[in-house]
Amino acid sequence: MKAIGIILAGGNNDGRLGVLTEQRASAALPIGSCYRAIDFTLSNMSNSGIGKVAVLTQYNSRSLRDHLTSSKWWDFGRKQGGLFVFTPYTSSTGNDWFRGTADSIYQNMTYLHRSNEEYVIIASGDSVYKMDYRDVLQYHIDKGADITVVYQNMEGKDLTHFGIMQMDENKRLLGFEEKPEQAQTTSASLGIYVISRKLLISLLQEVVPQGGYGLVKDIIIPYSKKLNIFGYEFKGYWSSIGTGIHGYFETNMDFLKKEVRDVFVNQYPYIETKPKDEPPAKYNAGADVTDSIVGSGAIFNGTVEHCVVFRKVYIDEGAVVRNSILMEGVRIGKNCVVENAILDKEVSISEGQQVIGKSSEEPIILKKGTKL
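What comes next is a walk through the structure. Here the structure is a predicted model, which is why all the values come from computation and not from measurement.

As for the sheet that holds strand 25 (residues 341-343)
Inference 1: Taken in spatial order, the 5 strands line up as 16-19-22-25-28 in an open sheet, and their pairing is parallel. Each of the sheet's edge strands pairs with one partner strand only, and the pair in question is strand 16 (293-294) and strand 28 (364-366).
Inference 2: Sheet topology note: the strand 19 (residues 308-309)/strand 22 (residues 325-326) ladder contains 2 bridges and is parallel. Considered in strand 22, the bridge of V309 is made with L326.

Right, here's the structure in full:
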């Protein structure tokens, strides 16, 4: 494919995910019993024939970098191209952290200069979807666009977390509102962009030295009248965990729906992840597990209903767990009750405890390593 990829994976979404991103970037958050959030964009890049991808990280990147240590799982283990992971660094000319999405690319401009591909696909690392970027690129070329922004019609949804696009009948961008209180349309940007490599370099060199650090605020919006910017509508499943705790909870729970799960697990091309070597899940005599997806190495002795369970979770006898997300290494003791909860890695609940959240909209969250 005649494009390179850039995945923006540096943030923690301004604290909207609470304690879940205290020790990890949002792109490293666990999804659907075996994935990390970044797996979806990485797999989309690889499955679209993009052989060279840069991941721009910043906030608490250790967990994310560990996940990306071996790039072969996404077919980026190659001599030409491959996977590049960039973080802020100190040099003789400066030691600035990335001050925005545009600045993060600008500080790694060498990646663009040393590439020969004509186009750049830019996407965030904390969204769950399956997309063939070749379709978007062909649309971009057919339209003669300078920039193409992928959007989705989100009628009936809370639009205050999204950039909202106004377009004419030809999908040319007329206006762009960033997280408006009262949106004029329901066309929400998905944070996926196509642009020529040379134009991107030119825009960054013009905007960033003047203090413009954001792709949307300092490029898309100011240049909407000067450049040919078009919208491309995506009609498949798409969800962002970056909107907050409820968004993260609902995205995971969507994997309990067969039609959603099939898109990522059973329909080619598949979403790949870094595999682990645990044995299969074990269901002992007292186990009753229904309407749930489970990771490898989990052991069940109690009751689990409508849950997303990650690897190496242990549920003891008499325990009842409902409508919850249990991350890696969680241990739930005998006769415990857990409901409407998100239990981060290595949370341990002793015998007879109750952990009950108000609802799916307001789940209770126990941070990593909590012991009750």
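Some remarks on the layout of surface pockets
Inference 1: Space inside the second largest pocket adds up to approximately 460 Å³.
Inference 2: Lining the second largest pocket are 19 residues, and of these K157, F162, S239, T243 and G247 sit closest to its centre.
Inference 3: Of all the secondary structure elements, the ones that give two or more residues to the lining of the second largest pocket are strand 13 (238-240) and helix 8 (245-254).
Inference 4: It is helix 8 that provides the largest number of residues to the lining of the second largest pocket, a total of 6 residues.
Inference 5: Looking at the lining of the second largest pocket residue by residue, the classes come out as 5 nonpolar, 10 polar and 4 charged.

Brief notes about the pairing of strand 9 (residues 163-167)
Inference 1: Burial of strand 9 is extensive: 5 of the 5 residues sit out of reach of the surface.
Inference 2: Judged by which residues are buried, strand 9 turns out to be covered on both faces: G163, M165 and M167 on one side and I164 and Q166 on the other are all buried.
Inference 3: Pairing geometry for strand 9 and strand 10 (residues 173-178), over 5 bridges, is antiparallel. In the strand pairing of strand 10, M165 is matched with F176.
Inference 4: Hairpin connection from strand 9 to strand 10: 5 residues lie between these consecutive antiparallel strands, with K171 at a positive phi of about 70°.

What counts and what doesn't
- Residue positions are given per chain, counting from 1 as you read along its sequence in written order.
- The predicted origin of the model limits local features to residues at a pLDDT of at least 70 and limits the giving and counting of side-chain atom pairs to 80 or more, whereas totals for whole chains, interfaces and linings rest on all residues.
- Water and hydrogen atoms were dropped before computing side-chain values, which therefore reflect all heavy atoms in the structure.
- Think of it this way: DSSP has to see at least two bridges between two strands before they count as a pair.
- Only runs of H or I of at least four residues qualify as helices and only runs of E of at least two qualify as strands under DSSP, and these elements are numbered from the N terminus.
- Here a cavity denotes grid points, spaced 1 Å and computed from the protein atoms alone, that fit a 1.4 Å probe unable to get out, and a pocket denotes an open set having protein on both sides within 12 Å along at least 5 of 7 lines; residues with an atom within 4 Å of a point are the lining.
- Grid points are joined across faces, edges and corners, and a volume is the space filled by probe spheres set on the points.
- Here the nonpolar group is Ala, Val, Leu, Ile, Met, Phe, Trp, Tyr, Cys and Pro; Asp, Glu, Lys and Arg are the charged ones; every other residue, Gly included, is treated as polar.
- Using a 1.4 Å probe on the protein chains alone, a residue whose accessible area is under 20% of its type maximum counts as buried, one over 50% counts as exposed, and one in between counts as partly exposed.

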